Amino acid sequence: MNKERLLNNLVEMLKIHSPSKKEGKYASYLVELLEGMGASIYLDEGYLQYGGDSPSIIAKFSGDIEGDGITLAAHMDVIEPNLDVEPIIEDNIIRTNGTTTLGGDDKGGIASIIEVLRTIKEEKISHKDIYVVLTPCEEVGMLGAKHFNWEKVPKDMMPSKNMVVVDNAGAAGIIAHSAPSKYDIEINFQGRKAHAGIEPEKGINAISLASYALSRMDIGRIDDLTTSNISTISSEFPSNVVPDMCRVTGEVRSHSEERILEIIESYKKICEDAVEKLGGIYKFDYKCDYPVLKPKDDLSFAKEFSKIYEEINVPAELKVIGGGSDSNIFAKQGFNSIIIGVGMYKVHTVDEYLEIDELFKTTEAIIRYIKKDEQ
């Protein structure tokens, strides 16, 4: 690879402002770049359904070797504040001046992918088909991936099922292969209003209902692969009114959707106990935000990629993670994803930085993975 070019390209992209739902300028930049490298392009217009301005991008680089190819994926949006980024390079670190996020999540991943493609093209490396999938709005609930209309994708542009998502935090060599499903929950407790100073005994305090229930729920780390969190409790009334409404929201995550549903049923039972003891009623709603990510090949793809890292003396670690990403959404479409990193640290904060050597290591690993088909 050309390390100087890779780093210059990353800095150039970091300066293009691309927050969620406003990635259009960056998407146009990437389409022009990919077309200039000889890619066929397909643009998905799912953004029209959620008020964004950027399509999801599929780019195809046709290979000269038969067989299933590979898909390289990343997301285009960044976490704010990210306007007017000033990248600072010091030794092995690229960071900002501390007033903005860096945007290495996930422009570091995209820069790696672009350099892989340039190297493959310049060195005339024989390869199977290479697909690139770039999505908007990953950081705000994977909206680009969720609204992707796969039925409209032309058959010859349908990406290969083995997918490398270059979007993991931490060092090169960490290969995430499994991630949990997440269910969002909302509980609305309804009590009865009354004057808090004159006749409070005639009221049913909805906040008390919520408190009674929440104090009995198993929240936090439930087991090795299951977590739960309550994120909001809202009820705004004057101090002289017994509140009759309280809304609670949260989530449950697990690598087993059966386990998630077990937890939710236990929460419902606790809410029933609360209204039986204190009065009032409750309404419990829940929905799956994204499904479980699991390997579809008994980890053979992940293990194959780990060997590539080891060939370049990068320690490889197969890992189960607790967060969700586009990979979870793509799994439902049949993609077999691994998630790898390029040295991103303290992501989603103004202290975000990227270790340049880790960026180079992962870029080299992807090139070597593709190049193995020559042999």
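Residues numbered from 1 in each chain as written. Predicted model: local features only at pLDDT ≥ 70, side-chain atom pairs only at ≥ 80, totals over all residues. Heavy atoms only, no water.

### Remarks on the overall build of the protein
Then, in step 1: Broken down by element type, the protein carries nine helices and 16 strands.
Then, in step 2: Seen along its three principal axes, the alpha-carbon backbone of the protein occupies a region of about 85 × 45 × 40 Å.
Then, in step 3: Once local pairs closer than 6 in sequence are excluded, the contacts in the protein between residues at least 24 apart make up 79%.
Then, in step 4: By element, 47% of the accessible surface of the protein is carried by carbon and sulfur atoms, the whole surface being about 16,900 Å².
Then, in step 5: Side chains of the protein give 42 positive and 62 negative charges; the mean places of these two sets differ by 3 Å. (Helix = DSSP H or I, 4+ residues; strand = E, 2+ residues; numbered from the N terminus. Contact = heavy atoms within 4.5 Å. Areas by Shrake-Rupley, 256 points an atom, 1.4 Å probe, with all protein chains shown as cover. Lys, Arg positive; Asp, Glu negative; His and termini not counted. Charge placed at Lys NZ, Arg CZ, Asp CG, Glu CD.)

### Here we look at the pairing of strand E9 (residues 181–190)
Then, in step 1: With seven of 10 residues buried, E9 lies mostly within the body of the structure.
Then, in step 2: Alignment of E9 against strand E13 (residues 281–290), held across nine bridges, turns out to be antiparallel. Within the sheet, the bridge partner assigned to glutamate 186 lies in E13 and is aspartate 285. (Buried < 20%, exposed > 50% of the residue type's maximum accessible area, 1.4 Å probe, protein only. Pairing = 2+ DSSP bridges.)

### What about the environment of aspartate 298?
Then, in step 1: Its location among the elements puts aspartate 298 in the loop between E13 and helix H7 (300–311).
Then, in step 2: Note on aspartate 298: relative accessible area 67%, which makes it exposed.

### Brief notes about the sheet that holds strand E11 (residues 226–234)
Pairing between the strands of a sheet is mediated by backbone hydrogen bonds and can be parallel or antiparallel.
Then, in step 1: Taken together, the five strands give an open sheet; going across it, the order is E10-E11-E12-E9-E13, and neighbouring strands pair in antiparallel fashion. What marks the edges here is a single partner per strand, and that holds for strand E10 (220–223) and E13. Strand after strand, the sheet turns through a mean of 20° between neighbouring axes, direction not considered.
Then, in step 2: When E11 meets strand E12 (residues 245–254), the two strands line up antiparallel, connected through eight bridges. Across the sheet, residue threonine 226 finds its bridge partner in E12, namely serine 254.
Then, in step 3: Sheet strands touched by helix H5 (residues 206–214): E9, E11, E12 and E13. Its angle to E12, the strand with the most contacts, is close to 20°. (Axes fitted to C-alpha atoms, helices over the stretch in contact; angles between N-to-C directions.)

### Some points on the pairing of strand E3 (residues 70–75)
Regular strands show a simple pattern: their side chains alternate between the two faces of the sheet.
Then, in step 1: Most of E3 is tucked away, with six of its six residues classed as buried.
Then, in step 2: Of the two faces of E3, the one holding Ile70, Leu72 and Ala74 and the one holding Thr71, Ala73 and His75 are both buried throughout.
Then, in step 3: Two elements, E3 and strand E7 (residues 162–169), share three bridges in a ladder whose sense is parallel. Within E7, the position partnered with leucine 72 by the bridge is valine 164.

### Structural notes on the packing of aromatic side chains
Then, in step 1: By the definition in use, this model includes 11 aromatic pairs.
Then, in step 2: A ring pair is formed by tryptophan 150 and phenylalanine 335, whose centres lie 5.3 Å apart and whose planes are at 50°; its orientation type is tilted. Remark: phenylalanine 335 occurs in the loop between helix H8 (326–332) and strand E15 (336–345) and tryptophan 150 occurs in the loop between helix H4 (143–146) and E7; sequence separation between them is 185 residues.
Then, in step 3: Judged by relative accessible area, which is 10%, tryptophan 150 ranks as buried.
Then, in step 4: For phenylalanine 335, a relative accessible area of 0% translates into the label buried. (Phe/Tyr/Trp six-rings, centres within 6.5 Å; stacked < 30°, edge-to-face > 60°.)

### A short note on H5
Then, in step 1: Residues of H5 that are buried include every one of Ala206, Leu209, Ala210, Tyr212, Ala213 and Leu214, and no others.
Then, in step 2: Elements in contact with the buried residues of H5: E9, E11, E12, helix H6 (257–278) and E13.
Then, in step 3: Structurally, the start of H5 carries an N-cap: the backbone nitrogen of isoleucine 207 is 2.8 Å from a side-chain oxygen of asparagine 205. (Polar contact = N/O pair within 3.5 Å; in protein donor to acceptor, adjacent residues only side chain to side chain.)

### Regarding the packing of helix H1 (residues 3–14) against helix H2 (residues 24–36)
Then, in step 1: At a closest axis distance of 11 Å, the pairing of H1 and H2 adopts a crossing angle of 150°. The angle between H1 and H2 places the two elements in the roughly antiparallel class. Contact with H1, carried on its side by Asn9, Glu12 and Met13, involves Tyr26, Tyr29 and Leu30 of H2 and no other residues of that element.
Then, in step 2: When grouped by side-chain class, the residues that make up the contact of H1 with H2 number four nonpolar, one polar and one charged. (Parallel < 35°, antiparallel > 145°, perpendicular 65-115°, else oblique. Nonpolar A, V, L, I, M, F, W, Y, C, P; charged D, E, K, R; others polar.)

### Some details on the pattern of salt bridges
Pairing of side chains with opposite charge becomes possible as their charged atoms draw close.
Then, in step 1: Under the criterion given, the structure shown has 17 salt bridges.
Then, in step 2: Measuring nitrogen to oxygen at the nearest pair gives 3.3 Å for the salt bridge that ties arginine 247 to glutamate 186. Here the residue arginine 247 occupies a position in strand E12, and glutamate 186 occupies one in strand E9, the gap between them amounting to 61 residues.
Then, in step 3: A relative accessible area of 34% places arginine 247 in the partly exposed class. (Salt bridge = Lys/Arg side-chain N within 4 Å of Asp/Glu carboxyl O.)

### Details of the packing of helix H3 (residues 104–122) against helix H9 (residues 356–371)
Then, in step 1: Contact geometry for H3 and H9: axes closest at 9 Å, N-to-C directions at 45°. Here H3 is positioned oblique relative to H9, judged by the angle of their axes. As H3 packs across H9, the resulting crossing turns out to be right-handed. Contacts from Gly108, Ser112, Glu115, Val116, Thr119 and Ile120 in H3 reach Leu359, Thr362, Thr363, Ile366, Ile367 and Ile370 in H9.
Then, in step 2: In terms of residue class, the contact of H3 with H9 is made up of six nonpolar, five polar and one charged. (Left-handed = near helix turned anticlockwise from the far one by under 90°.)

### Things to note about the side chain of asparagine 188
Then, in step 1: Looking at the secondary structure, you find asparagine 188 in strand E9.
Then, in step 2: Look at asparagine 188 and you get buried, because its relative accessible area is 18%.
Then, in step 3: In contact with asparagine 188, other than residues within four places in its own chain, are Cys246, Arg247, Ile281, Tyr282 and Lys283.

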